[in-house]
Structure formats: structure tokens, C-alpha cells
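Structural description and commentary
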Amino acid sequence: MTRQNDLLAAAGTTALGAYRPPSLVLERGQGRHVYDLDGTAYLDLSGGVAVTSIGHGHPTLLNAISRQATRLMHASNLFTTEPAVRLAAELRRRTAFPRSFFVNSGTEANETLIKLARRHHFERGDFLRTTIVSSRTGYHGRTLGSLSLTGQARYRIGMEPMAGCVRHVPYNDLDALRAVVGADTAAVVLETIQAEAGIVEAADGYLAGVRRICDEAGALLFLDEVQTGYGRTGRFLSHEWSGAVPDACSVAKGIAGGFPMGAVLAAERLAGGLPPGSHASTFGGNPLACAAALAVLEVFDHEKLVENAESAGRMLRERLDHLVSDAGTPAAVAARGRGLLQGLELADGVDPDAVVAELRARNVLITVVGGRVLRFSPALTITEAELTEGMTTVEKVLGDPPGKPGPR
Ligand SMILES: Cc1ncc(COP(=O)(O)O)c(C=O)c1O
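Let me sum up the structure you'll find in this document.

Rules used in this analysis
- Residues numbered from 1 in each chain as written.
- Predicted model: local features only at pLDDT ≥ 70, side-chain atom pairs only at ≥ 80, totals over all residues.
- Heavy atoms only, no water.
- Near = heavy atom within 4 Å.
- Polar contact = N/O pair within 3.5 Å; in protein donor to acceptor, adjacent residues only side chain to side chain.
- Areas by Shrake-Rupley, 256 points an atom, 1.4 Å probe, with all protein chains shown as cover.
- Helix = DSSP H or I, 4+ residues; strand = E, 2+ residues; numbered from the N terminus.
- Nonpolar A, V, L, I, M, F, W, Y, C, P; charged D, E, K, R; others polar.
- Buried < 20%, exposed > 50% of the residue type's maximum accessible area, 1.4 Å probe, protein only.
- Expected span 1.5 Å × (residues − 1).
- Arc of directions from axis to C-beta.

Thoughts on the site of the ligand
In the neighbourhood of the ligand, 13 residues make up the surrounding shell, with Gly106, Thr107, Asp224, Gln227 and Lys253 lying closest. Contact between the ligand and Gln227: an oxygen atom at 2.7 Å from a side-chain N or O atom of the residue. Here an oxygen atom of the ligand and a side-chain polar atom of Lys253 are 3.0 Å apart. Look at the ligand: alone it shows 390 Å² of surface, and the protein chains cover 82% of it. Looking at which element gives the most residues to the shell around the ligand, the answer is helix H5 (residues 106–123), with 3 residues. Per-class residue counts for the shell around the ligand are 2 nonpolar, 7 polar and 4 charged.

Written as C-alpha cells, this is what we have:
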């Protein structure tokens, strides 16, 4: 462990310190497993926080990246490339969105949405529509614009003033939304499942109601699908479950299989919403990222990964429901989410950090959201055997949880 300790110590003296000090150094990954410096394997039930959609080391992705890297890695946005054009066409074919803009992350995609909302109305002469409405409990990223959308106070401490003109309402409350959306609203921006808040799902009919309120007020509806999109919930985009179609959405995380990339997908009526010169991204849509994203879509089709997210998600839910049922363990009180984005809320008195540490000691990696919810967001390629293995370990740990409460 000396090499690991040396690296962790060096990280402690060189990093700015914005992240909690890491306690594990990862060296490589294969499929759904990652390996530390000693070669110890961990089953990653977090999927690198919902990013490694096709697992690690997939040959289709590796070949696409190395082939493109030998040809052209960067073109600048003065030119276009075949991978960028082909990716936009693929996304147009798979979604309700014929237009796209490529960026490098989820937060950058959401920044683009904010600018698109304001500039779209400006271009139509509606200069007063500058306010954005989002949720008090939402999460949209950490750059200043997306942080302004992010309602949770704990992410904003010491960062104020925000970018301004964002109003926050309680999630799943149509009356509260109706009360603030009006002639000054450029757009409403929401998640379909508030993942970072603890896997909180939109209630039945909520998104359709939001769509109606936006239409009545002349406001745009944008959905942040950074965590929920790209197959994760068992549909290519998670709002497909609701029937409500937004005017645009943001995607990122797994879209290039771990290569940094994000995108805004938009309706035809938003074409021209950001006229030439109004927005840009030096690396956004670079041919390497686009080639990686095309390879991910090829693997999605070939291995039927959206379908796998739905069926593996059903199996995951059965195991989670069992944990919270009477026959289960008092350590778990609720299961939520869809497909391969699900959460297990731990009982008061169970220490979530200790559960994560105990799972890691048993070679399973997982993350906590919303304070006390275990988030299951593995690669969409996860097999039944791997899910069984992971859930058996979770069940064992929660059967005798660290920081266990008294009898219920
Ligand atoms: C819903 C949502 N939006 C935006 C972001 C920010 O994405 P990124 O970290 O790629 O900037 C995240 C990241 O977790 C997210 O879950």
C-alpha cells in the first residue's frame, strides 16, 4: 500500500482541496469493475457516478477513440467534421430534437440552456423574458449560471451573489410553479428525477402539468437529463416516460462513455435561438468526443443497453423493495427511481458513510445522495450475475448495518 499512500499524500498537498480527500487510488477498469494499485477488483455500482454507460475498456469505444486520435483530435468551431455531423444526425433520429449543440460537461450544457432561453426570447423582441424558474431541491452543476439554477443552499455557501434572475419553487408542486411563471419567464428548468436530492421522482402528471403551465405563459420548458438521460432509466431520454416533451434538454455524463462531453438537444423552433457569435465552446464537439459518442450509440444498439437498463432496473427494484419490506431489514426505509438510477433510503441512525466504507471493504463501490440515500447507477452493461453479486453484498451489510438504530 506504500505507493497508494504516497500518491494520496501527494494529492493532499497538491490538490486545491475542493473534493473530500480521496482514500483510494484507481489504476484501471474493465467492464463493471475498477482496480486499485494492488490489483484488487471493485464492482462499481455507481458507474463512476452514472458516467461509464458501456463499462470500462469496451473495444468498440477504444477502437473509435484511437482511430479518431490518429486522424484528427481537434478542428475548432470554425470547421465541422464527419463525426460531429454524424452524431447530430444520430441524435436527431433517436429523439424529438432535431438540433444539437455539443459541449464538454453537464454544467456547460446547462449554461447553454440558460443563454438559449434568454437569447431566444430576445431574438423575438421579447426583452422582458429573462427570469428562469427551477426547483429548490434541484441540482444542475457548479459553474455560476448552473449553480444559480441549483436551488440547494449548501452548494451556494460563500459563492453569492448568484448569476441572478432565477426563482426557485418546491418540486412536484404545480400550484407553486403556476404562481411564479409569467410574462417575465424565459424558461422553466427541471430534472425528471432529482438524483442528487436523493432520487426524487417527478410525480405522475407533474411534467405534463409543467408543460401546460409553460405553454400558457409562453415560457420554454427545458429538462436537465444530464443524469437521467442516455438510456439510464430504460428510455433513451427519461422524459419519454412522462409523455411531456420539453423544448430542449441537456445531456452529458455517459454520452461518450467516460470521455468528457455534454450536449444540448433542442426543438426545431429553437434553431437560431443562439445566432452566430452569441455562444461558443473551444473544445465542444471536437471530433474525438464525437467519435467516442458515436461508438457509445453503436454499443447501445448492438447490446440493447436501453432495454437492459429497463430489465436490470426491474431486477434491482425487486431486491431494493425486498430490503424495505417487512421481511427485509430495518436499515432501509424506501426505494425510489427507475431503471439503473435508483435509490435506497437508509433508516435514521444508520450511518451512510459507514455503509459505503463497509461495502468498499467488501469490494463494492457505491455513492450516497441526499444525505442518506444509497444511489445505484451502474454501467448499463451490468449483467444479472453482477447485479446479484452486488445486491447480495448490500443485503449482507444492511443486515448488520454500521451505526445501526435500535429495533423499529
Ligand atoms: C442533473 C445534473 N445536472 C448537471 C450536472 C453537472 O454535470 P457536470 O458535473 O458534468 O458538470 C450533474 C452532475 O452530477 C447532474 O446530475
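Side note on unusual backbone geometry
Of the consecutive residues Glu160 and Pro161, the connecting peptide bond is found in the cis state with omega at 5°. Assignment of secondary structure puts Pro161 in the loop between helix H6 (144–149) and strand E6 (166–169). For Val49, which is not glycine, the phi dihedral falls at a positive 55°. Mapped onto the elements of the fold, Val49 is located in helix H2 (residues 47–50). Residue class for Val49 comes out partly exposed when judged on its relative accessible area of 26%. In this model, Ser76 sits at a positive phi of 70°, which is unusual for a non-glycine residue. Take Ser76: its relative accessible area is 27%, and that puts it in the partly exposed class.

Describing helix H12 (residues 384–399)
In this model H12 runs 22 Å from its N-terminal to its C-terminal C-alpha over 16 residues, within 8% of the 22 Å that 1.5 Å per residue would give. Of all the positions in H12, only Glu386, Leu387, Gly390, Met391, Thr393, Val394, Val397 and Leu398 are classed as buried. Along the axis of H12, the buried residues cluster in a sector spanning 155°; they form a single face. Among the exposed residues of H12, those oriented more than 90 degrees off its buried face are Glu384, Ala385, Lys396 and Gly399.

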